[in-house]
Amino acid sequence: MPSWKHPLGINVLEAAQQRISWTFDTFPKICVSFSGGKDSTVMLHLVATEAKKRNRKFAVLFVDWEAQYKYTIDHVSEMFTLYEDLIIPFWISLPLKTVNAVSQFEPEWISWEPDKESLWVRQPPSIAITDPAMLPFYSYAMTFEEFVPSFLQWYSNGTPTASFVGIRTRESLNRWRTIGAGKKHSYDNKCYTTVDKSVCNIFPIYDWTVDDIWTFHGRTNLPYNKLYDQMARAGVPLHKMRICEPYGPEQRQGLWLFHAIEPDTWGKVVARVNGANMGSIYANEKGNVLGINQIVLPTEHTWKSFATHLLDSMPTKTSEHYKNKIAVYLKWYQDKGITIPDTQPKDCGSSDNHPSWKRICKTILRNDFWCRTLSFAPTKTSAYEKYLKLMKIRREKWDLI
C-alpha cells in the first residue's frame, strides 16, 4: 500500500457520509457541482440524503454544453425533479467556451451561440438560465474553468460556502494532485478539501474506486445515467466511460460512440461542431493525424522545420495563437542559456523537463490549443485581446518564431 494512504477502519460509503455530515455542520451554504455522470450522481444522492435529514436546501450547478447526449440531459432532468424540494437549481445554458481538439479552424467551441441558434443541437429547457443578466459576474464565452469559480464566489456572497465536487483520485494523475498531493490549502486540515476565498471545495468520494461507484448504484437502485448501459453494450470498459463535453484531447476518443448510441443527436453534432466527424474517425488512430502516441518525422524535415511547416499550414488566427505560446516557451529556455534540441530522450513523455522541437510538433498535432503539453495554462478570456497585442510586441523584439 502506498505510504500516502491511511486506512480509516470504515468503508468508503461511511467515510463519504461522515465527510458530508461534517460539511453540513460547518458551512451555512452548500452547492453541488453536477455533471450527470456516475460520480457526481452518487455524490448528489448522498448530499440530498443528508440534506433531507436536516431539512436543509442546497444549490445544484449543472453546466449544459448543448451538444450532449440526450441520455445525460434526461438524467439531469430526472435528478432535478427527484430532489426539487431540496435543491436550488442552477441549470446553465449560456454561451461558454471549451477546447475543440478536433479542428484547427474552430479550436475553441462555444455552446449556445446566439447567432447559431438554427444549428443548436436542441433548445434549453424551461428551467435553464439563458439570460446573462441573471448572473452579474458572467461575460460572454467564458471558459468552464473561469465560470465555475466565479459562480461559486457570486453564490457565496462572502458567506462560507461548501462546494461538493465529485472527482476521484483514481481517475487521473491531475485529480490525485488536486486532492492527494497535499500542495493546496485545506480547511481544518481535512485532506479532502481545498480553499478558495469564501468557498471550500469538498471531495467526499475522492477515495472511491469505479467498482465502489457501481456497487452503490447496484445496491441502492437509485437513478443513474442510462448512457452507461449503452456504453457497456458498446464494449467500453468501466474505467474509460466518460460523460463530459467530448471534444477535448482525451475526450475525443469517445466521439465514435455518439453515432452508435444516439444517431439523431450525432447528425446535429456534426453540423454544429467543426471537425466532429473527423474526430470520430481518427481520434483512436495512432500517429500524426492527431498526434496520438508515437509521431513520425516526414522525410526531408527536421522536427524544427516540421513545426514551421505545420504552423504555416494552419488558419492564420490559429497559427498566430500557437506561435505566441511557442515563442514564450523558447524564450523561457533561452533566458536559462538553453537552446532546445530537435529531439531528445523522453521529450514526448509527461514530464516538462525534456524540451524539444519534437515536443512542440506533438503539441501542434494534438490540437492542444492551450499548449498544456508545453506547461501552459489557458489565458483568461477577458484578457486574451490584451495578451495578443502584448505578444505581437514581444515576438518582434525576441525574433524567435
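The text that follows walks through the structure, step by step, so that each part is easy to find.

Calculation rules
Residues numbered from 1 in each chain as written. Predicted model: local features only at pLDDT ≥ 70, side-chain atom pairs only at ≥ 80, totals over all residues. Heavy atoms only, no water. Buried < 20%, exposed > 50% of the residue type's maximum accessible area, 1.4 Å probe, protein only. Helix = DSSP H or I, 4+ residues; strand = E, 2+ residues; numbered from the N terminus. Arc of directions from axis to C-beta. Contact = heavy atoms within 4.5 Å. Pairing = 2+ DSSP bridges. Phe/Tyr/Trp six-rings, centres within 6.5 Å; stacked < 30°, edge-to-face > 60°. Core = buried A, V, L, I, M, F, W, Y, C linked by side-chain atoms within 4.5 Å. Axes fitted to C-alpha atoms, helices over the stretch in contact; angles between N-to-C directions. Parallel < 35°, antiparallel > 145°, perpendicular 65-115°, else oblique. Nonpolar A, V, L, I, M, F, W, Y, C, P; charged D, E, K, R; others polar. Salt bridge = Lys/Arg side-chain N within 4 Å of Asp/Glu carboxyl O.

Turning next to helix H11 (residues 303-312). For an α-helix, 3.6 residues make a turn, and residues three or four places apart therefore share a direction. Taken residue by residue, H11 has Trp303, Phe306, Ala307, Leu310 and Leu311 as its buried positions. Looking straight down H11, one finds that the buried residues subtend no more than 140° of arc, so they occupy a single side. Structurally, H11 contributes buried residues whose contacts are with helix H12 (316-335) and helix H13 (357-365).

For the rest of this paragraph, the subject is the sheet that holds strand S6 (residues 142-143). A sheet is described by the order of its strands in space; here three strands give the open sequence S5-S4-S6, paired in mixed fashion. Each edge of the sheet is formed by a strand with only one pairing partner; in this case those strands are strand S5 (108-110) and S6. Of the strand pairs in this sheet, strand S4 (residues 96-99) and S6 are connected by two bridges, and their pairing is parallel. Bridge pairing in S6 places Lys97 opposite Thr143.

It is worth spelling out the packing of aromatic side chains at this point. Each aromatic ring pair is characterised by the separation of its centres together with the angle its planes make. Here the structure, examined in full by the defined rule, presents 29 aromatic pairs. Judged by centre distance (5.3 Å) and plane angle (75°), the ring pair of Tyr329 and Tyr333 falls under edge-to-face. Taken together, the residues Tyr329 and Tyr333, both in helix H12 and four residues apart, mark about one turn of the helix. Pair check on accessibility: Tyr329 and Tyr333 agree, each one buried. Relative to Tyr333, the ring of Trp332 has its centre 4.9 Å away and its plane inclined at 85°; by these criteria the two rings are edge-to-face.

For soluble globular proteins, the rule of thumb is that nonpolar side chains tend to be buried together. The biggest cluster of nonpolar side chains holds 42 residues, and the ones touching the most others in it are Leu61, Phe90, Ile92, Phe147, Phe151, Met231 and Val269. Elements that contribute at least two residues to this core include exactly strand S2 (58-63), strand S3 (87-92), helix H4 (144-156), helix H6 (210-220), helix H7 (227-233), helix H8 (256-261) and helix H9 (263-272). Counting residues per element, this core draws most heavily on H4, at five residues. Filtering out sequence-adjacent residues up to four positions away, Phe147 remains in contact with Leu61, Val63, Ile92, Leu96, Leu135, Phe137, Tyr138 and Met142. Grouped together as the second largest cluster of nonpolar side chains are 40 residues, Val32, Ala51, Ile167 and Ile213 included.

For Thr169, the location among the structural elements is in the loop between strand S7 (161-165) and helix H5 (173-179). When the C-alpha atoms of Thr169 and Tyr206 are compared, they prove to be 5.5 Å apart, with 37 residues separating the residues in sequence.

With respect to the element layout, Ser186 can be found in the loop between H5 and strand S8 (193-196). For Ser186, the contacting residues outside a window of four places in its chain are Thr193, Thr194 and Val195.

When two helices pack together, their arrangement is given by the angle between the helix axes and the distance between those axes. For the pair helix H2 (residues 38-54) and helix H3 (residues 70-82), interaxial distance at closest approach is 12 Å and the crossing angle is 5°. Taken together, H2 and H3 sit at an angle that is classed as roughly parallel. Between H2, through Thr41, Leu44 and His45, and H3, the contact on the second element is made entirely by His75, Met79 and Leu82. Classifying every residue of the contact of H2 with H3 gives three nonpolar, three polar and no charged.

Our focus in this paragraph is the pattern of salt bridges. Evaluation of the coordinates by the stated rule reveals 16 salt bridges. Residue Arg19 pairs with Asp207 through a salt bridge whose shortest N-O separation is 2.9 Å. Highlighted residues: Arg19 in helix H1 (residues 12-26) and Asp207 in the loop between strand S9 (199-202) and H6, separated in sequence by 188 residues. When its relative accessible area of 4% is taken as the criterion, Arg19 is described as buried. With relative accessibility at 24%, the residue Asp207 sits in the partly exposed group. Measuring nitrogen to oxygen at the nearest pair gives 4.0 Å for the salt bridge that ties Lys323 to Glu320. Linking Lys323 with Glu320, this pair stays in helix H12, spanning three residues, or about one helical turn. With relative accessibility at 33%, the residue Glu320 sits in the partly exposed group. Linked through salt bridges whose partners overlap, the residues forming this network are Glu66, Glu106, Glu113, Lys116 and Arg272.

The six strands lie next to each other as S3-S2-S1-S7-S9-S8, forming an open sheet whose pairing is mixed. The open sheet has two free edges, formed respectively by S3 and S8, since each of these has just one partner strand. With strand direction ignored, the average angle separating the axes of adjacent strands in the sheet is 20°. The pairing of strand S1 (residues 29-33) with S7 spans five bridges and is classified as parallel. Looking at S7, one finds that Ser33 is bridged to Val165. Strands in contact with H3 are S2 and S3; relative to S3, the strand with the most contacts, it is inclined by about 160°.

Worth remembering: the numbers are spatial, not functional.
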